[in-house]
Structure formats: structure tokens, C-alpha cells
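Each chain, written out:
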Protein chains: 2
Amino acid sequence: MKDYKVIEVKESILADNDADAEALRQELKAEGTFLLNLMSSPGAGKTSTLVRTIAMLKDEFRIGVMEADIDSDVDARTISDTGARVIQIHTGGMCHLDADMTRQGIREFGTKDLDLVFLENVGNLVCPAEFDTGAAKNAMILSVPEGDDKPLKYPLMFQISDVVLVNKCDVLPVFDDFSKERVTERIRLRNPDCDIIFVSAKTGQGFDEWAAWLRREIRKNKQ
Amino acid sequence: MKDYKVIEVKESILADNDADAEALRQELKAEGTFLLNLMSSPGAGKTSTLVRTIAMLKDEFRIGVMEADIDSDVDARTISDTGARVIQIHTGGMCHLDADMTRQGIREFGTKDLDLVFLENVGNLVCPAEFDTGAAKNAMILSVPEGDDKPLKYPLMFQISDVVLVNKCDVLPVFDDFSKERVTERIRLRNPDCDIIFVSAKTGQGFDEWAAWLRREIRKNKQ
């Protein structure tokens with residue numbers, strides 16, 4: 001049974017996305033809702049990370065997920081099975097969400113009674129990095145099979161991320177050309193301040209640290 | 001030693017990219033150069049696939065590689081070690097190449113004496129699918145760790161691809177939720193005519209079939 005709404009968002013006509021994003025960020029903070037913008041390549045594990053995260057935190061926080069996709073709703077179905085409230089946003093072919101598109105989703109979704117809302121952005125390391133969505137924080141997932149050279153090739157994505165989850169760490173023994181030290185150094189090159197957490201959405205490794213990160217940020221957002 | 005040129009391409013001002021792409025395709029065919037547009041997510045294995053392909057075919061064909069990236073030249077360095085002629089194209093933040101940007105690269109590179117030119121597009125499953133580059137054929141790489149649901153989520157990319165290489169098949173035993181049958185069925189849903197080849201750029205599995213595909217297309221292009 002499909003128990004989530006699907007909406008088609010329109011491209012923003014606002015010239016100043018940064019100002020609009022800042023306004024949305026302040027509105028959400030005033031309402032006590034922590035919006036996290038989650039980005040990655042296709043297949044890095046955004047949805048499976050969310051499924052495990054929701055299972056860990058659903059008794060502590062009221063959680064919602066906004067799923068952005070070009071035009072499918074595969075992930076919304078998966079997430080709605082967790083019991084979290086979900087809305088599917090279709091970008092109509094657009095490769096990213098801007099602040100106004102995010103706001104259209106937020107208002108349709110109704111987030112005032114939620115503590116934590118994940119915005120699962122379109123799977124893409126280029127375009128989403130260029131548009132501030134109005135989220136309180138940016139998180140990105142880099143998966144081990146993608147290789148440890150990605151911070152060299154997609155600098156902006158790493159530069160704007162407050163936290164990087166290095167996912168699929170359970171397959172590190174198979175992908176033995178991936179070095180945790182090297183990827184850390186390369187992420188730091190782009191962004192000396194960002195938090196780096198090594199996780200596996202499959203085994204749960206590192207999720208205590210990730211949950212602690214979220215608890216801390218949600219608390220700070222309510223202050 | 002850096003033995004390749006780096007050029008910055010400008011966004012096209014032409015209104016009709018499709019017509020421009022068709023013109024470029026005809027020019028290249030007249031010159032006997034087969035241009036293959038190679039697309040994938042970040043980290044799916046475009047560069048390692050090219051390294052192995054060049055090693056297999058370099059005695060049969062005169063090969064060049066045009067590396068498109070946001071702003072690094074990590075891959076151009078790797079490819080230039082194979083002995084193939086390489087040019088690095090910087091898109092200045094753009095998430096794709098259009099026909100005019102490809103032409104700028106082609107003309108700067110000089111491809112008249114080449115039989116086979118690979119255009120390694122920006123790692124992205126959304127934007128590159130929307131712009132015809134003028135290549136004779138489109139190839140895409142889907143890697144096993146990304147999951148077998150990608151044809152559902154990025155339909156256009158699969159729809160416009162003449163061949164899909166399913167890469168990293170050496171790790172199929174580890175990613176046991178990836179089904180070859182299911183991915184085949186989902187690719188066929190988008191594109192009943194496209195060729196599907198299961199490969200591993202690491203072990204070489206499937207590369208005989210891939211090399212045969214390229215030989216056949218290069219021969220057809222010269223007719």
C-alpha cells in the first residue's frame with residue numbers, strides 16, 4: 001500500500017537562492033525542525049543509511065524523510081516501510097533541489113511537528129553541491145567502492161559537507177586499494193573542519209558515532 | 001611528466017544541440033573516427049575500464065581519450081601512462097558536455113588520425129544523459145555495488161545507451177543482493193535494444209566480449 005504523497009516541484013524563479021535558503025533555514029530553526037540535506041553518488045547507500053538511522057532514532061525523535069528523485073519512487077516505498085513519515089518529491093528531470101523546491105516539499109509535507117527531517121537529494125556529486133537547500137547541515141555519503149580519489153574529483157561536494165559518512169566499510173577487505181588514511185587526508189584538503197565517520201549501513205558499524213552526531217546537532221538546533 | 005594538454009571548454013551558445021551533435025557525428029564519420037561517449041556514476045570504473053581496453057586494443061587501433069572533469073586531471077594522468085593520446089577537458093563546474101563542448105575538445109585534440117576516441121564524460125547519471133555529444137555511440141557503466149535498481153531511478157541514462165557494461169562483477173559474491181537477471185530485465189524495460197555486457201575491469205572478465213563489440217562498431221563506422 002502506498003502511504004506517501006508524491007509531488008512535482010517546479011524550478012525556482014527566484015534570483016537569489018542563497019538568501020532564500022537562509023530564510024528557510026531560519027524558519028525551520030524557529031519551528032525546532034532539524035533539516036539534514038543528504039547527498040551522494042547513485043548507489044552509495046543513502047536509503048539504506050536512512051533505514052538503519054530511523055530504526056535507531058525513531059523512539060527518540062519524530063522523523064520525516066523527503067525523497068527527491070528524477071521520477072521514480074523506489075526509495076519512498078522502502079522508507080515508508082520503516083514507519084517514518086515520507087514524501088516523494090519529483091524534480092521533473094532536474095539534477096538537484098534548490099531552496100524554493102525544498103520549501104515546496106516542506107510545506108506540502110508539513111514538518112512543524114517533526115524534530116528531524118532528512119532530505120534525500122538526487123544521486124549526484126555535482127549539481128546538488130551548487131545549491132543551498134536551506135538545510136541546517138549538509139551530509140554526504142562516499143562509499144568505499146567509489147574509490148578514495150573522489151575528494152580530488154568532486155571538490156565542491158566535500159567542501160560544503162559538514163559531515164562525510166564513508167559507507168560500505170564492510171567491503172574494505174575486498175576493495176583493498178581504498179585507504180582510510182588517504183581518503184581522510186583528501187577530504188581534509190577540501191574541508192579541514194568536516195566530521196568524517198566510517199560506517200556500514202549493512203552491518204551497523206559506526207552508526208553509534210553517527211547517531212551521536214545527529215543527537216548533538218538536533219540539540220544544538222533547538223537552542 | 002605531464003604529457004597531455006588541459007583545455008577549458010565554454011558552454012555552448014547554440015540553441016539546437018541536437019542538430020549540432022548530428023553535424024559533428026557526420027564529420028567524425030567522414031574522417032573515419034569512432035567517438036564513444038562513456039558515462040557512469042562517480043567511481044563506477046570508467047578510467048580502469050579504459051586502461052584495460054586500451055591495453056587490449058592499442059596494437060589494432062590508433063586510440064585517443066578525452067577526459068572530461070569538473071576541474072581535476074587525476075584520470076588524464078592515469079590514462080597517459082597507457083601510452084594512448086590524452087586530452088583533459090575542464091568543464092568549469094558544468095555537469096555534462098554538449099556537442100559544442102565536445103567539438104572544442106575534438107578540434108583542440110586533433111583526432112583525424114585516430115580510429116577510436118573515448119570521451120570520458122563527467123561522472124553523473126543525470127545531466128550527461130540529456131545532451132547528445134555527437135558521439136557515434138553511447139556506452140554506460142553500471143557497477144555492481146551501486147545496486148540493480150538504478151535503471152528504475154535513472155531511466156533516461158539507460159534509455160539512451162547503446163551498450164551497458166555491468167562492471168565490478170568480481171565482487172558479485174559480496175554484493176549478493178545484486179541480481180544479474182533483475183538488472184537485465186530492468187535495463188530492457190528502459191531500452192529493449194541495448195547490449196549488456198557483464199565485466200570486471202579488475203580481473204578482465206567479459207573484456208573479450210567488450211573488445212568484440214568495439215571492433216564491430218569501429219568497422220561499421222568506417223563503412
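Presented here is a report on the structure given in the accompanying data block. Since the structure is predicted, the reported quantities are computational estimates derived from the model, not experimental observations. (Residues numbered from 1 in each chain as written. Chains lettered and ligands numbered in written order. Predicted model: local features only at pLDDT ≥ 70, side-chain atom pairs only at ≥ 80, totals over all residues.)

Here's the deal with the pairing of strand S4 (residues 85-90) of chain B
Residues and elements named next belong to chain B. Burial runs high along S4: five of the six residues are buried. Judged from the four bridges that link them, strand S1 (residues 5-8) and S4 form a sheet pairing that is parallel. Bridging from a neighbouring strand, Lys5 pairs with Ile87 of S4. The pairing of strand S3 (residues 63-69) with S4 spans six bridges and is classified as parallel. (Buried ≥ 20, exposed ≤ 12 C-beta atoms within 10 Å, placed from the backbone. Helix = DSSP H or I, 4+ residues; strand = E, 2+ residues; numbered from the N terminus. Pairing = 2+ DSSP bridges.)

As for the relation of the copies chain B and chain A
Rotating chain B by 180 degrees and moving it 0.0 Å along the rotation axis overlays it on chain A with an RMSD of 0.0 Å. One copy is carried onto the other by what is essentially a two-fold rotation axis. Of the residues that chain B buries at the interface, 100% are likewise interface residues in chain A, meaning the two copies contact each other through the same surface. (Least-squares fit on C-alpha atoms with pLDDT ≥ 70 in both. Contact = placed C-beta atoms within 7 Å.)

Description of the sheet that holds strand S2 (residues 34-40) of chain B
Adjacent strands of a sheet pair through backbone hydrogen bonds, lying either parallel or antiparallel. All names here are of chain B. If you walk across this open sheet you meet the eight strands as S1-S4-S3-S5-S2-S6-S7-S8, and the pairing is parallel. This sheet does not close on itself; its edge strands, each paired only once, are S1 and strand S8 (195-198). On average, each strand axis in the sheet is inclined to that of its neighbour by 20 degrees, with strand direction left out of account. The sheet contacts of helix H4 (residues 99-109) involve S1, S3, S4 and strand S5 (116-120), and relative to S4 the element is tilted by about 145 degrees. Contacts from helix H8 (residues 207-222) reach S2, S5, strand S6 (137-143), strand S7 (163-167) and S8, with the element oriented near 145 degrees to S8. (Axes fitted to C-alpha atoms, helices over the stretch in contact; angles between N-to-C directions.)

Observations regarding the packing of helix H2 (residues 46-57) of chain A against helix H8 (residues 207-222) of chain A
How two helices pack is summed up by the angle between their axes together with the distance between the axes. Residue and element names in this part refer to chain A. The N-to-C vectors of H2 and H8 enclose an angle of 70 degrees; their axes lie 11 Å apart at closest approach. One element, H2, and the other, H8, form an angle in the roughly perpendicular class. Between H2 and H8 lies a crossing whose hand is right-handed. On H8, the residues touching Arg52, Thr53, Met56 and Leu57 of H2 are Phe207, Trp210, Ala211 and Leu214. Looking at side-chain class alone, the contact of H2 with H8 contains six nonpolar, one polar and one charged residues. (Parallel < 35°, antiparallel > 145°, perpendicular 65-115°, else oblique. Left-handed = near helix turned anticlockwise from the far one by under 90°. Nonpolar A, V, L, I, M, F, W, Y, C, P; charged D, E, K, R; others polar.)

Overview of the interface of chain B and chain A
Listed as interface residues are 28 residues of chain B and, on the opposing side, 28 residues of chain A. The element best represented in the side of chain B that touches chain A is helix H5 (residues 150-153) of chain B, accounting for three residues. For the side of chain B that touches chain A, the residue count by class is 14 nonpolar, seven polar and seven charged.

What about the nonpolar core?
Among the nonpolar cores identified, the biggest contains 126 residues, and Leu119 of chain A together with Leu119 of chain B are the most heavily contacted of them. Once residues lying within four places of it in the same chain are set aside, the contact partners of Leu119 of chain A are Leu35, Leu36, Asn37, Leu38, Met66, Ala68, Thr102, Thr133 and Ala135 of chain A. (Core = buried A, V, L, I, M, F, W, Y, C linked by C-beta atoms within 7 Å.)

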